[in-house]
Structures are given as structure tokens and as C-alpha cells.
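Analysis of the macromolecular model
Letter by letter, the chains look like this.
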Amino acid sequence: DAQRDLAKAMPALEAAVDALEKLDKKAIAEVKVFAKPPENVMKTMNAVMTIMEKPATWQQAKLELNDVNFLNRVRNFDKDNISHTVLKKIE
């Protein structure tokens, strides 16, 4: 079960890692000013908040985006040890 779930999640994870490498402070600044973000931004930030085990809300996402260490925290996130429970929430 866990192996199957992991295999299913890996393509999305690999795409996310690729996109993350392209992010910079300017991109973060553009996103955090949205009062109501576009749907894709909201979905992405909800997934990030879920993986970070934070409330999956735009308010929480904005708090995290305002953290000067946000990009480093996301880039250095231990993606190899995401719990099965968290992976299920993302599906």
C-alpha cells in the first residue's frame, strides 16, 4: 500500500521539485500580495501547507510566505519522510 501510494505521488513530487528550483524571492513577493489568489496558486499553497503540517488556508500561507526563510525551508524540506497520513490528505 505505501509503496503504491509513493509511486503514485512521485511524478507530482518530481514536478514540484523542478518548479521549486525556479522559484526566487521575486516570485514569492508576487504571490503573497494576492488578497484572493488564483485557483492554481491556492491549490499549490494548500498542498505546501498540508505537507508542512500547517493549516491549509491562504492566511497561513501568507504568514509562511512572509517568513524570510520560507524558500530555504521548502527547498530543504525532508520530502523522503512525509507521513502516509499527510500523503493521503494531498490526494
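Just above, that's the structure.
Cut-offs and rules
In every chain, residue numbers begin from 1 and rise along the written sequence. Where totals are concerned, whole chains, interfaces and linings use all residues; where local detail is concerned, this predicted model gives features only for residues with pLDDT of at least 70, and gives and counts side-chain atom pairs only at 80 or more. The side-chain quantities take in all heavy atoms of the structure and omit both hydrogens and water. Helix numbers and strand numbers start at the N terminus; a helix is a DSSP run of H or I with at least 4 residues, a strand a run of E with at least 2. Here the radius of gyration uses the C-alpha set of atoms, whereas the globule reference equals 2.2 Å times the residue count to the power 0.38. Per-residue accessibility takes into account occlusion by the displayed protein chains alone, with areas from the Shrake-Rupley method and a 1.4 Å probe. In summary, the charge assignment counts Lys and Arg as positive and Asp and Glu as negative, without counting His or the chain termini. For this purpose, a charge sits on NZ of Lys, CZ of Arg, CG of Asp or CD of Glu. For each residue, the accessible area found with a 1.4 Å probe, counting protein chains only, is set against the maximum for its type, and the residue is called buried under 20%, exposed over 50%, and partly exposed in between. By definition in these notes, contact holds between two residues if any of their heavy atoms fall within 4.5 Å. We define a salt bridge as a contact between a side-chain nitrogen of Lys or Arg and a carboxyl oxygen of Asp or Glu at a distance within 4 Å.

**Focus on the overall build of the protein chain**
Counting secondary structure elements, the protein chain contains six helices and zero strands. Taken from the N to the C terminus, the helices and strands of the protein chain come in the order α-α-α-α-α-α. Computed over its C-alpha atoms, the radius of gyration of the protein chain comes to 13 Å, within 12% of the 12 Å expected for a compact globule of 91 residues. Each of the three principal axes of the protein chain carries a C-alpha extent, and together these read 40 × 25 × 20 Å. When the accessible area of the protein chain is evaluated, it comes to approximately 6,600 Å², of which 55% is carbon and sulfur surface. Here the protein chain contributes 15 positive and 14 negative side-chain charges, whose respective centroids are spaced 6 Å apart.

**As for the side chain of E64**
By secondary structure assignment, the location of E64 is in helix α4 (residues 58-65). The exposure class assigned to E64 is buried, which follows from its relative accessible area of 6%. Among residues more than four places away in sequence, those in contact with E64 are M49, M52, K54, F70 and R73.

**Some words on the pattern of salt bridges**
Within the structure shown, the criterion is met by five salt bridges. Across the pair K54 and E64 runs a salt bridge, and its minimum N-O distance is 3.6 Å. Of the two residues, K54 sits in the loop between α3 (39-51) and α4 while E64 sits in helix α4, which places them 10 residues apart along the sequence. The partly exposed category is assigned to K54, whose relative accessible area is 34%. Salt bridges here are not isolated pairs; linked through shared partners, they connect K54, E64, D67 and R73.

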